[in-house]
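Topology and contacts: notes
Here are the chains, one letter per residue:
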Amino acid sequence: MLPRLAGRLFGLGALLAAGTAGAVTAPMLVVDVDSGKVIYSQGATDPWYPASITKLMTTYVALDMVRQGRASMDQLLTISEAAAAEPPSKMGFKPGTQLTLDNALKIIMVKSANDVAWAIGENLGGSIDGFAAQMNDTAQRLGMRDSHWYNPNGLPDARQWTSARDMAVLARALLRDFPENRELFSISAIQFGRAVMPNHNGLLGRYAGVDGMKTGFICAGGFNVVATANRNGRRIITVVMGQPSARERDLKAADLFDYGYGQSGFSFGGQTLADLPTSSIAAPPDMRPYICDKRRPMPTDADSSAVTAGAAAGGNADNANAQLMAAGAPPSSALAFATMNSAALRNRALPPRAPLQPVLVWTGRDPAESAIAATDEAAPAKAAKAAPRVKLAKPAPHRPAPSRSIAATGATVPQPKLLARQKASAPAAASAFASTGPATAVIAEPKDQKGHKAAARPAVKPAAKPAGKPAQKAEAKDGAKDGAKDVAKSAAKSAAKTQKTAAKSSAHKKDD
């Protein structure tokens, strides 16, 4: 089977390479964890930009420092201004925020937060350069011969690359050296406050047996994943790099797992990770023209529509994929989708994800301290939001004091905002509503032509007519006055009619 598999791989790869310039092989690798034997390999030692799978290296260095007593899981890390300035994916913590190393590792494994990974490097290494030096020393000790590290989060750096083989070596080392921390790589989601953030690893909870590791994406490297699965006590590592979408990455990794578990322990020969030949490629390819085409939406690590968006561009999407990956399909039907054949993948999907089981994370030493810090941060924000309303309710600077006549009646001059509320809630004829308490005059303050408030009017108007005239009529609504006029007119007409009838009756009596 292996000779025939190799023949098909290299045969189709040669045809594609001959027909297209600059054809690239997407690295793929399947390894048995216990024995270290290679089950399937394609471009496994070619240099590649790791993206966020770099955080597996960051995690190994951190756990190794804890094992040596140079760090502790409950020690506090401080977010610096440089860490806070790192681009997404990130938590968005403000400079000065502190969190434990334990929470920081959970966050970078699930949320893949670049700001938190940067903080781990600064706090544990003294500086990013110091931590990168530890990453490189550790990689050499583990036998990762193709890797060069310059930052702890995997953001683009033309000098930082690795290989599928090296990432499989690292994954085996994490499982072997830190068995008590294996659950760190299988957390389905984290919860920070009310926010629940699912793991970017789309295989967790969707492919039977998958129990960890890490994904990553940058335009230059495409979509990468290092994944582990355990079936009946047999654990396999699958590494997939350079895929055009998270969906294709996950489907191909699932197919590679199917292929790996379909092989017996003795059918894949004796080649180990150490036996894989060194690549002839000097530097990683730049996948940006294929992965982040300006004509299509920018893909993300949780993207599941990149294939559909690419298909909308017509046949060019499949042609670009074929040019991108000069690799053929192995004879296994399960592995037929491990190539860059988007047409074959278009109608496939993994099962729905199992319900998330979020793990709580927090800032500070414990959740109570995190809640206090959140309250302290929220208070200034609420005050800032309330400030404009307080400013609008501030009295005018040139308002005169109430007159003595107003003071004598016990009347008050309300604030403009309160007055506006009362005007909006009560109709003009407020006297139409029964009073439930002692009457208190509420007097509007008129303004002069310059906009300043004039002197307040007295609560009771002086007599408008000279002595000897009837007393002033009680105040009433404009509508009530109109109604009274109508009633008066009606009464006058009725009286006139009565008088006319009486006159007629008297005339008749005289005639009789």
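Residues numbered from 1 in each chain as written. Predicted model: local features only at pLDDT ≥ 70, side-chain atom pairs only at ≥ 80, totals over all residues. Heavy atoms only, no water.

Looking at an unreviewed UniProt entry, one finds the protein chain named D-alanyl-D-alanine carboxypeptidase and attributed to Methylobacterium platani.

Description of the overall build of the protein chain
Our working rule: Numbered from the N terminus, helices here are DSSP runs of H or I no shorter than four residues, and strands are runs of E no shorter than two. Classification of residues uses two cut-offs on accessible area relative to the type maximum, computed with a 1.4 Å probe and protein chains only: under 20% is buried, over 50% is exposed, and between them is partly exposed. The contact rule is simple, with two residues in contact once any of their heavy atoms fall within 4.5 Å. Note on areas: Shrake-Rupley, 1.4 Å probe, and residue coverage restricted to the protein chains presented here.
Scanning the protein chain from N- to C-terminus turns up 16 helices and 10 strands. Relative to its 512 residues, the protein chain shows a buried fraction of 41%. Considering only intrachain contacts with a sequence separation of at least 6, the fraction spanning at least 24 residues in the protein chain is 70%. Entry remark: accessible area of the protein chain is about 26900 Å², with carbon and sulfur atoms responsible for 56%.

Considering the packing of aromatic side chains
What counts is decided by this rule: Under the pairing criterion, centres of Phe, Tyr and Trp rings, with the six-membered ring standing for Trp, must be within 6.5 Å; the plane angle then separates stacked pairs below 30 degrees from edge-to-face pairs above 60, leaving the rest tilted. As a reminder, the over-ring test applies to NZ of lysine and CZ of arginine, requiring each to be within 6 Å of the ring centre and within 35 degrees of the ring normal.
Under the counting rule described, the total for this entry stands at five aromatic pairs. Pairing Y60 with F178 gives two aromatic rings, centres 5.0 Å apart and planes at 70 degrees, and the pair type is edge-to-face. A residue pair is termed long-range when its members are at least 10 positions apart, and Y60 in helix α2 (residues 54-67) and F178 in the loop between α7 (164-177) and β5 (189-192) qualify at 118 residues. Here the aromatic rings of F93 and F192 are separated by 5.4 Å at their centres, their planes lie at 70 degrees, and the arrangement is edge-to-face. Here F93, found in the loop between α3 (81-84) and β4 (98-100), pairs with F192, found in strand β5; they are 99 residues apart in sequence, far enough to count as distant. What makes F192 partly exposed here is its relative accessible area of 24%. Directly above the ring of Y150 sits R159, whose terminal nitrogen or CZ lies 3.9 Å from the centroid.

Side note on the sheet that holds β5
Cut-off, in case you're wondering: By definition, two strands form a pair when at least two bridges between them are found by DSSP. All axes here are fitted lines through C-alpha atoms, helices being fitted over the stretch that makes contact, and every angle between N-to-C directions spans 0 to 180 degrees.
Taken in spatial order, the three strands make up an open sheet running β6-β5-β10, and their pairing is mixed. A single partner strand is all that each edge strand has here, and the edge strands are β6 (195-198) and β10 (358-361). The average undirected angle you get between the axes of adjacent strands in this sheet is 30 degrees. Direction of pairing for β5 relative to β10: parallel, over a ladder of four bridges. Each bridged residue has a counterpart across the sheet, and for F192 the counterpart in β10 is V361. Across the sheet, helix α4 (residues 101-110) is in contact with β5, β6 and β10; its angle to β10 comes to roughly 135 degrees.

Structural notes on the packing of helix α5 (residues 114-125) against helix α6 (residues 128-142)
What describes two packed helices is the angle between their axes and the distance between those same axes. So the rule is basically this: Here the word oblique covers every angle except those under 35 degrees (roughly parallel), over 145 (roughly antiparallel) and from 65 to 115 (roughly perpendicular). For this classification, the nonpolar set comprises Ala, Val, Leu, Ile, Met, Phe, Trp, Tyr, Cys and Pro, the charged set comprises Asp, Glu, Lys and Arg, and every other residue, Gly included, is treated as polar.
Closest axis-to-axis distance for the α5/α6 pair is 7 Å, and the angle between their directions is 90 degrees. When the axes of α5 and α6 are compared, the pair comes out roughly perpendicular. Contact residues: α5 offers W118, I120, G121, E122, L124 and G125, while α6 offers I128, G130, F131 and Q134. Here the contact of α5 with α6 is composed, by residue class, of five nonpolar, four polar and one charged.

Here we look at the pattern of salt bridges
Pairs can form between side chains of opposite charge once their charged atoms are near each other. Condition: By definition here, a salt bridge exists when the distance from a side-chain nitrogen of Lys or Arg to a carboxyl oxygen of Asp or Glu is within 4 Å.
The final tally for this structure, using the stated rule, is 12 salt bridges. The partner of D211 in a salt bridge is R235, with the nearest N and O atoms 2.6 Å apart. Taken together, the residues D211 in strand β7 (residues 210-218) and R235 in strand β9 (residues 234-243) connect sequence positions 24 residues apart. Residue R235 is classed as buried on the basis of its relative accessible area of 14%.

Points about the pairing of β7
Within β7, eight of the nine residues are buried, which leaves it mostly tucked inside the rest of the structure. As paired elements, β7 and strand β8 (residues 222-231) share eight bridges and run antiparallel to each other. Residue pairing for β8: M213 is matched across the bridge by A227. The antiparallel pairing of β7 with β8 creates a hairpin that spans three residues between the two strands.

Quick word on the state of the cysteines
As a reminder of what qualifies: Disulfides are defined in this document as cysteine sulfur pairs within 2.5 Å.
Overall, the coordinates contain one disulfide when judged by the stated rule. Each disulfide pairs two cysteine sulfurs, and for C219 the partner residue is C292, the sulfurs being separated by 1.9 Å. Residues C219 and C292 are joined by a disulfide whose S-S torsion is about -90 degrees; by sign, that bridge is left-handed. Of the two residues, C219 is situated in the loop between β7 and β8 and C292 in the loop between α9 (288-291) and α10 (306-311); the sequence distance between them amounts to 73 residues. The exposure class of C219 is buried, given its relative accessible area of 10%. Judged by its relative accessible area of 11%, C292 falls in the buried class.

Side note on the environment of R235
Quick reminder of the rule: Any pair of nitrogen or oxygen atoms within 3.5 Å is treated as a polar contact; in protein, a donor-acceptor pairing is required on top of that, and neighbouring residues in sequence qualify only through side-chain atoms on both sides.
Residues R235 and D32, 203 residues apart in the sequence, show an inter-C-alpha distance of 6.4 Å. Discounting residues that sit within four places of it in the chain, R235 has contacts with V31, D32, V33, L175, R182, D211, A229, N230 and Y261. Among the polar contacts made by the side chain of R235, one reaches the side chain of D211 at a distance of 2.6 Å.

Section: the UniProt feature "active site" (unreviewed entry) in the protein chain
Note the threshold: UniProt positions are given in the numbering used here, feature names are shortened, and annotations may be inferred rather than shown by experiment.
The UniProt entry lists S52, K55 and S112 under the feature "active site" (unreviewed entry), expressed in the numbering used here. The annotated residues occupy 61 residues of the chain but converge on a single region, no pair of C-alpha atoms lying more than 7.8 Å apart. Taking the relative accessible area as the measure of exposure, S52 reaches 11% and is therefore buried. When sequence neighbours within four positions are dropped, the list of residues in contact with S52 reads S112, N114, N153, K214, T215, G216 and F217. Looking at the element boundaries, S112 is found in the loop between α4 and α5. For S112, a relative accessible area of 4% gives the class buried. Excluding anything up to four places from it in sequence, S112 contacts S52, K55, S89, I107, H200 and K214.

A few points about the packing of α4 against α5
Rule in force here: Left-handed describes a crossing whose near helix is turned anticlockwise from the far helix by less than a right angle; the clockwise case is right-handed.
Where α4 contacts α5, the two axes come as close as 9 Å, and the packing angle between them is 140 degrees. One way to sum up the angle between α4 and α5 is to call them oblique. The interaxial crossing formed by α4 with α5 has left-handed handedness. The residues of α5 that touch α4, namely those facing L101, A104, L105, I107 and I108, are V116, A117, I120 and L124. For the contact of α4 with α5, a count of residues per class yields nine nonpolar, no polar and no charged.

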